[in-house]
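Single-letter residue listing:
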Amino acid sequence: MAGDVIELILADHRRFEDLFRVLRDNSADRLGALRELAELLVAHAEAEEGEVYPALRRFQDIDDHEVEHGAEEHAEGHQALLALMEVGDPESEAWDEKLEELVKAINHHLDEEERTILNDARDAVPEQRRRELGEIFVKARAARVSAGCGDISHVRDLVEQTKHRVD
């Protein structure tokens with residue numbers, strides 16, 4: 001059994017924060033941490049948008065606007081992630097600048113998602129349904145990872161897709 005989708009999402013959020021600390025550490029394997037972050041961040045966002053958000057929309061107490069806003073913030077996170085991935089050199093000033101932009105975008109999203117969507121879901125969605133969604137979320141996230149979702153070319157495609165939706 002995978003567990004409660006809310007707890008799984010929160011665990012990913014805490015992992016993002018851990019990876020941000022590694023990405024800021026000059027003595028760490030920053031490129032390795034970036035690969036792990038890119039993979040988990042994209043898989044997490046795609047699993048949320050593809051499976052979790054649509055399911056949560058069916059519950060009255062879950063605000064559609066917040067769910068749509070969450071997806072918009074995923075797109076902003078992907079743009080910031082791509083900008084950092086394109087820097088390449090973790091020793092450059094540009095790395096630190098782009099990393100802070102990414103951290104700011106993701107932390108803003110985590111805070112809002114936890115305060116609105118996840119808190120509402122904890123109250124509105126029955127535990128059994130949250131467990132079912134947890135299983136679906138874990139499978140969807142793993143499928144995205146297996147498909148290479150953290151690859152820079154996929155992140156570029158995501159950014160391009162969201163640009164076309166906005167245009």
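Quick caveat: nothing in here was measured; it's all calculated off a predicted structure.

Considering the arrangement of structural elements, one finds glutamate 48 in helix 2 (residues 30-57). One buried charged residue, glutamate 48, forms no salt bridge at all, with the nearest opposite charge on arginine 141 at 8.9 Å. Those residues within four positions of glutamate 48 in sequence are excluded, and the remaining contacts are Ile9, His13, Tyr53, Pro54, His74, His109, Glu113 and Phe137.

Bringing the environment of methionine 85 into the picture now. Its location among the elements puts methionine 85 in helix 3 (residues 64-87). Every residue in contact with methionine 85, bar those within four places of it in the chain, is listed here: Leu34, Ala38, Gly150, Asp151, Ile152 and Val155.

We now examine the packing of helix 1 (residues 5-24) against helix 2. As a packed pair, helix 1 and helix 2 sit with axes 10 Å apart at the nearest point and diverge in direction by 155°. With respect to helix 2, the element helix 1 is oriented roughly antiparallel. Crossing of helix 1 over helix 2 shows left-handed handedness. Mapping the contact onto sequence places Val5, Ile9, Asp12, His13, Arg15, Phe16, Leu19, Phe20, Val22, Leu23 and Arg24 in helix 1 and Arg30, Ala33, Leu34, Glu36, Leu37, Leu40, Leu41, His44, Glu48 and Val52 in helix 2. Looking at the contact of helix 1 with helix 2 residue by residue, the classes come out as 13 nonpolar, two polar and six charged.

In this structure, Phe16, Phe20, Leu23, Leu37, Leu81 and Leu102 are the most contacted members of the largest nonpolar core, which totals 27 residues. Among the elements that line this core, the one with the most residues is helix 2, at eight residues. The residues contacting leucine 23, other than those within four sequence positions of it, are Arg30, Ala33, Leu34, Leu37, Trp95 and Leu99. Within the second largest apolar cluster, 17 residues are counted, among which are Val52, Tyr53, Ala55 and Ala121.

Overall, the coordinates contain 16 salt bridges when judged by the stated rule. Glutamate 114 is paired through a salt bridge with arginine 14; the nearest N and O atoms lie 2.8 Å apart. A residue pair is termed long-range when its members are at least 10 positions apart, and glutamate 114 in helix 4 (residues 93-124) and arginine 14 in helix 1 qualify at 100 residues. The exposure class of arginine 14 is partly exposed, given its relative accessible area of 33%. Note that lysine 139 and glutamate 135 form a salt bridge whose closest N and O atoms lie 3.9 Å from each other. With a gap of four residues between them, lysine 139 and glutamate 135 both fall in helix 5 (residues 127-146), about one helical turn apart. Residues joined in a network through salt bridges with shared partners are Arg14, Glu17 and Glu114.

Cut-offs and rules
- Residues numbered from 1 in each chain as written.
- Predicted model: local features only at pLDDT ≥ 70, side-chain atom pairs only at ≥ 80, totals over all residues.
- Heavy atoms only, no water.
- Helix = DSSP H or I, 4+ residues; strand = E, 2+ residues; numbered from the N terminus.
- Buried < 20%, exposed > 50% of the residue type's maximum accessible area, 1.4 Å probe, protein only.
- Lys, Arg positive; Asp, Glu negative; His and termini not counted.
- Salt bridge = Lys/Arg side-chain N within 4 Å of Asp/Glu carboxyl O.
- Contact = heavy atoms within 4.5 Å.
- Axes fitted to C-alpha atoms, helices over the stretch in contact; angles between N-to-C directions.
- Parallel < 35°, antiparallel > 145°, perpendicular 65-115°, else oblique.
- Left-handed = near helix turned anticlockwise from the far one by under 90°.
- Nonpolar A, V, L, I, M, F, W, Y, C, P; charged D, E, K, R; others polar.
- Core = buried A, V, L, I, M, F, W, Y, C linked by side-chain atoms within 4.5 Å.

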